[in-house]
Amino acid sequence: MTLAQFVPFLPEIFLATAGFAVLLLGIPLGRDGVRPLSLFGAASLGITGILVWLVGRPIDGPVTILGDMLVVDQMAVFFKILVLVAGAVAIFMAAGYLERFGYGGGEYVSLILFATLGMFVMASGANLVSLYVGLELMALSVYVLVGYFKLELKSNEGAVKYFVLGAASSAILLYGISLIYGSLGTLDLQEIRDSLIALPTANPMLVLGMVLVSFGMLFKVAAVPFHVWTPDAYEGAPTPVTAFISVAPKAAAFAMFMRIFFDAFAPGVEHWRIVLWVASAATMIYGNVAALTQDNVKRMLAYSSIAHAGYALMGLVAFTEMGAWALLMYMLVYAFMNLGAFGFVILLESKGFAGEKIVDYAGLARRHPGAALGMLIFMLALAGIPPTAGFMGKLYLFAAAVEGGYVLLTLIAVIMSAVSLYYYFRIVVQMYLQDGNEEGAEPAELLRDRWTEAMIAVCIVATMVIGVWPRPIVGWAKSAAGALGIM
């Protein structure tokens, strides 16, 4: 293996180096180094993004590296840029938050970088082994992030539940991978695809392996019935961590999903599509219905995240070119609108924790009209109301499902989107129609944090611009989707 073969791997090498550097710098700086370390971490993500673009931009077709374990193509570039943006936003949003609660920034920033490195491998994996290694690197980093506030019972509880259930799902996934290897004698995605094409009929153990892999992946995207960790992990984690894990790991898991099912398992689509159809419908229904009764905003957004995983699964079920690029676009727009919504949760503080109750938003429009308008935009986007990016994302996904012949699934998605209006607008009602003097209402005061405010502004601009002018993002998503075998 020559040195030149490591050039496409430069972004990952730099990211790993930066992660260790932040970890070492955090030891002498301690709690006083939160903002300098945050700037260093965000700058490292920015440099990594430039390297990703420089390495991936000249590539016309997929290029495999490191013994065909990883592939560099436009889809990998798309997802890597997405998780880099999510990581940078999570770092900037956390700086003031960590200072207020008295925690250091070295471990936090380094864990974000290591989790991002794992997601890079998930986006570029060309072998089930490399994909699994990337998944576990990401998962282990996220487990620690969820329990980062080690003195908080909720944080510890969320981390333990996430870890135990995550370990179980990893075992299921690994067992499925072993069954595939036992049936085909290979774990390379392209070789699996070629073997499935050559087989006249798939043997039962191979089919079971594909189903178990789908079960393991459904856990990683928080789809029903593998969703039970989500509300407790989201509620217990520090809010910047919740914002990060609601977006970046989910996007990376869908990248891995697409690598496996749109490429390796494509010839066996009839064996796994029904599993994803049922999971998509159940996830949309359960996520939206469960969110209706939530009074805790982080738990409500957790169930909302489950529902959005159901919408995203429609792109996989469609198994068409439009389904592929619509899923890519949806992951991008979901990142901006969900990160922005959690940004306002960070700024609203009540009794020592971020404004977690819906009643905390009572009278916000009167006290802070600009903040209320921003939160309104994100609630409209999450509900899929025009002219926001959320509407365009859902429009393309629903159109892809109809194009694939899944009208019933699309009808379920439309009905559940209408149901979601109720719980999103519970916050809007509190902001605009309540004055904060009602019984049980304890309106939180908006904290001033320039870094978090700047990230919210970026998310607002992206949410509105993509909603009004989606063509550049659609073009980029189509280019990225072209790297998949389904094309």
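In case you missed it, the structure is sitting above this.
Residues numbered from 1 in each chain as written. Predicted model: local features only at pLDDT ≥ 70, side-chain atom pairs only at ≥ 80, totals over all residues. Heavy atoms only, no water.

### So, the packing of aromatic side chains
Under the defined criterion, the tally for this structure stands at 26 aromatic pairs. With centroids separated by 4.3 Å and ring planes inclined at 5°, the aromatic side chains of Tyr 103 and Phe 149 adopt a geometry described as stacked. In this pair, Tyr 103 is assigned in the loop between helix H3 (74-101) and helix H4 (106-124) and Phe 149 in the loop between helix H5 (128-146) and helix H6 (153-184), connecting sequence segments 46 residues apart. Taken together through their ring pairs, the aromatic side chains of Phe 254, Phe 257, Phe 261, Phe 262, Phe 265, Trp 272 and Phe 319 make up a single cluster. Taking the ring centre of Trp 451 as reference, the NZ or CZ of Arg 35 above it sits at 4.7 Å. Lys 478 extends its terminal NZ or CZ atom over the ring of Trp 325, reaching a point 5.0 Å from the ring centre. (Phe/Tyr/Trp six-rings, centres within 6.5 Å; stacked < 30°, edge-to-face > 60°. Helix = DSSP H or I, 4+ residues; strand = E, 2+ residues; numbered from the N terminus. Lys NZ or Arg CZ within 6 Å of the ring centre and 35° of its normal.)

### Digging into a nonpolar patch on the surface
There is a patch of nonpolar side chains on the surface, built from Phe 6, Val 7, Leu 10 and Ile 13 and spanning about 290 Å² of accessible area. Looking at the secondary structure, you find Phe 6 in the segment before helix H1 (10-29). (Patch = residues over 30% accessible without salt bridge, like charges linked within 9 Å, V, L, I, M, F, W, Y side chains within 5 Å. Areas by Shrake-Rupley, 256 points an atom, 1.4 Å probe, with all protein chains shown as cover. Salt bridge = Lys/Arg side-chain N within 4 Å of Asp/Glu carboxyl O.)

### Section: the nonpolar core
Residues Phe 79, Tyr 108, Phe 257, Met 258 and Phe 265 are the most contacted members of the largest nonpolar core, which totals 184 residues. Per element, the largest residue contribution to this core is 22 residues, and it comes from helix H14 (residues 321-347). Leave out the neighbours within four places in its chain, and Met 258 touches Met 75, Phe 79, Asp 263, Leu 316, Ala 324, Leu 327, Leu 328 and Leu 484. (Core = buried A, V, L, I, M, F, W, Y, C linked by side-chain atoms within 4.5 Å. Buried < 20%, exposed > 50% of the residue type's maximum accessible area, 1.4 Å probe, protein only. Contact = heavy atoms within 4.5 Å.)

### Section: helix H8 (residues 204-220)
If you check H8, its first and last C-alpha atoms are 25 Å apart, about what 17 residues at 1.5 Å a residue would give, namely 24 Å. Of all 17 residues in H8, 13 are buried, a share of seventy percent or more. Of the residues flanking the end of H8, it is Ala 222, one or two places downstream, whose phi is positive at about 60°. (Expected span 1.5 Å × (residues − 1).)

### Notes on the environment of Ile 466
Mapped onto the elements of the fold, Ile 466 is located in helix H19 (residues 450-468). For Ile 466, a relative accessible area of 7% translates into the label buried. For the pair Ile 466 and Ala 18, spaced 448 residues apart in sequence, the C-alpha separation works out to 32 Å. Aside from chain neighbours lying at most four places away, what touches Ile 466 is Met 329, Val 333, Phe 336, Ala 389, Met 392 and Ile 473.

### As for the side chain of Thr 410
Relative to the helices and strands, Thr 410 is located in helix H18 (residues 407-433). Overall, Thr 410 belongs to the buried group, its relative accessible area being 7%. Engagement of the side chain of Thr 410 in a polar contact is seen with the backbone oxygen of Tyr 406, the distance being 2.8 Å. Apart from the residues lying within four places of it in its own chain, the contact partners of Thr 410 are Met 314, Phe 398, Ala 401 and Val 402. (Polar contact = N/O pair within 3.5 Å; in protein donor to acceptor, adjacent residues only side chain to side chain.)

### Description of the packing of helix H11 (residues 248-264) against H14
Angle between the axes and distance between the axes: these two values describe a pair of packed helices. Running from amino to carboxyl end, H11 crosses H14 at an angle of 170°, the nearest separation of the two axes being 10 Å. In terms of orientation, H11 lies roughly antiparallel with respect to H14. In this structure, H11 contributes Lys 250, Ala 251, Phe 254, Met 258 and Phe 262 to the contact, and H14 contributes Ala 324, Leu 327, Leu 328, Met 331 and Tyr 334. A class-by-class count of the residues in the contact of H11 with H14 yields 9 nonpolar, no polar and 1 charged. (Axes fitted to C-alpha atoms, helices over the stretch in contact; angles between N-to-C directions. Parallel < 35°, antiparallel > 145°, perpendicular 65-115°, else oblique. Nonpolar A, V, L, I, M, F, W, Y, C, P; charged D, E, K, R; others polar.)

### Notes on the pattern of salt bridges
Going through the model one piece at a time under the given rule, you end up with 11 salt bridges. The residue Asp 263 makes a salt bridge to Arg 193 at a minimum N-O spacing of 3.8 Å. With a gap of 70 residues between them, Asp 263 in helix H11 and Arg 193 in helix H7 (residues 189-198) connect regions that are remote in the sequence. Between Arg 426 and Asp 295 there is a salt bridge, with its nearest N and O atoms 2.7 Å apart. One end of the pair, Arg 426, is in helix H18; the other, Asp 295, is in the loop between helix H12 (269-291) and helix H13 (297-318), and 131 residues separate them in sequence. A network of salt bridges, in which partner residues are shared, links Lys 154, Glu 157, Lys 161, Asp 232, Glu 235 and Arg 299.

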